[in-house]
Amino acid sequence: MKSPFTQRPAERGSVFSRRSAEHGFTLVELLVVIVIIGLLATIVAINVIPAADKARVEKAKADVATIEQALDQYRLDNLNYPSGTEGLQALLSPPATLAQPARYRRGGYIKKLPADPWGRPYSYSVPGKKGPFDIYSLGADGQPGGEGDNADIYSSEI
């Protein structure tokens, strides 16, 4: 009789050798893997989706701060903020109603007006709620008011 160590796997009759000869997975094994992948995807979705919403709000606040700085530079050069009719476009090119066009900064005060994180332009109102102007986004829903992600983001409230 041969030693078990010198026998070929097929002669030993082990479960492992039969398994490797089959070259496949059972339905139960596939279902277990699918359930595990589903659980991992759920955990990731629960943690990532709220972070994306929070990031949009933070981006809007950063954009508003950048536009505020450009408006302050505009006021320093031109002695007042753009009117409501001139709007934020006055930061890109000199408005026709500018009293002293020679004081306008060559190249403008901002390279490009950003859109809010939801794809809409920022709004500009003169006078503002608590100051000379307000820059604002209407939030995710695009409607005045709201809570959470739908809340309006005003420069005077940041």
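About the criteria used
- Residues numbered from 1 in each chain as written.
- Predicted model: local features only at pLDDT ≥ 70, side-chain atom pairs only at ≥ 80, totals over all residues.
- Heavy atoms only, no water.
- Helix = DSSP H or I, 4+ residues; strand = E, 2+ residues; numbered from the N terminus.
- Buried < 20%, exposed > 50% of the residue type's maximum accessible area, 1.4 Å probe, protein only.
- Lys, Arg positive; Asp, Glu negative; His and termini not counted.
- Salt bridge = Lys/Arg side-chain N within 4 Å of Asp/Glu carboxyl O.
- Contact = heavy atoms within 4.5 Å.
- Polar contact = N/O pair within 3.5 Å; in protein donor to acceptor, adjacent residues only side chain to side chain.
- Patch = residues over 30% accessible without salt bridge, like charges linked within 9 Å, V, L, I, M, F, W, Y side chains within 5 Å.
- Areas by Shrake-Rupley, 256 points an atom, 1.4 Å probe, with all protein chains shown as cover.
- Expected span 1.5 Å × (residues − 1).
- Phe/Tyr/Trp six-rings, centres within 6.5 Å; stacked < 30°, edge-to-face > 60°.

**Considering unusual backbone geometry**
Alright, step 1. Omega for the peptide link from valine 126 to proline 127 comes to -10 degrees, which places this bond in the cis form.
Alright, step 2. Note that proline 127 resides in the loop between strand S1 (123–125) and strand S2 (134–137).
Alright, step 3. Unusually for a residue other than glycine, leucine 79 sits at a positive phi of about 70 degrees.
Alright, step 4. With respect to the helices and strands, leucine 79 occurs in the loop between helix H3 (27–78) and S1.

**Section: the environment of glutamate 157**
Alright, step 1. Locating glutamate 157 in the fold gives a position in the segment after strand S3 (153–154).
Alright, step 2. Classification of glutamate 157 as partly exposed rests on a relative accessible area of 47%.

**Description of the side chain of aspartate 116**
Alright, step 1. Relative to the assigned elements, aspartate 116 resides in the loop between H3 and S1.
Alright, step 2. Of the side chains with opposite charge, arginine 120 lies nearest to the buried aspartate 116, which makes no salt bridge, at 4.0 Å.
Alright, step 3. Residues contacting aspartate 116, with those up to four places away along its chain left out, are Tyr122 and Ser137.

**Looking at the side chain of aspartate 152**
Alright, step 1. For aspartate 152, the position within the fold is in the loop between S2 and S3.
Alright, step 2. One buried charged residue, aspartate 152, remains without a salt bridge, the closest side chain of opposite sign being lysine 129 at 6.1 Å.
Alright, step 3. Polar contacts involving the side chain of aspartate 152 include one to the main-chain amide nitrogen of glycine 145, which spans 2.7 Å.
Alright, step 4. Not counting chain neighbours up to four residues away, the residues in contact with aspartate 152 comprise Ser137, Leu138, Gly139, Gln143, Pro144 and Gly145.

**Structural notes on a nonpolar patch on the surface**
Alright, step 1. Together, Phe25, Leu27, Leu30, Leu31 and Ile34 make up a nonpolar patch on the protein surface, roughly 570 Å² of accessible area in all.
Alright, step 2. One can find leucine 30 in helix H3.

**Description of H3**
Alright, step 1. A rise of 1.5 Å per residue sets the reference length of H3, with its 52 residues, at 76 Å; its end C-alpha atoms lie 74 Å apart and thus fit the reference within 8%.
Alright, step 2. Those residues of H3 hidden inside the fold are in contact with S1, S2 and S3.

**A few points about the pattern of salt bridges**
Alright, step 1. In total, this model carries four salt bridges according to the counting rule given.
Alright, step 2. The partner of glutamate 157 in a salt bridge is lysine 129, and the shortest N-O contact between them spans 3.5 Å. Of the two residues, glutamate 157 is situated in the segment after S3 and lysine 129 in the loop between S1 and S2; the sequence distance between them amounts to 28 residues.
Alright, step 3. For lysine 129, a relative accessible area of 53% corresponds to the exposed category.

**Focus: the packing of aromatic side chains**
Aromatic ring pairs are reported here in terms of the distance separating the ring centres and the angle at which the planes meet.
Alright, step 1. Scanning all chains against the criterion turns up six aromatic pairs.
Alright, step 2. Both rings, one in tyrosine 74 and one in tyrosine 104, keep their centres 6.2 Å apart while their planes meet at 75 degrees; by these two values the pair is edge-to-face. Pair noted here: tyrosine 74 is in helix H3 and tyrosine 104 is in the loop between H3 and S1, with a separation of 30 residues, a long-range link. Side by side, tyrosine 74 and tyrosine 104 carry an identical accessibility label, which is buried.
Alright, step 3. Considering the side-chain rings of tyrosine 74 and tyrosine 109, the 5.4 Å spacing of their centres and the 70 degrees angle between planes classify their relative orientation as edge-to-face. One end of the pair, tyrosine 74, is in helix H3; the other, tyrosine 109, is in the loop between H3 and S1, with 35 residues separating them in the sequence. Both residues of the pair, tyrosine 74 and tyrosine 109, belong to the buried class.
Alright, step 4. Site record: aromatic cluster; members linked through ring pairs are Tyr74, Tyr104 and Tyr109.

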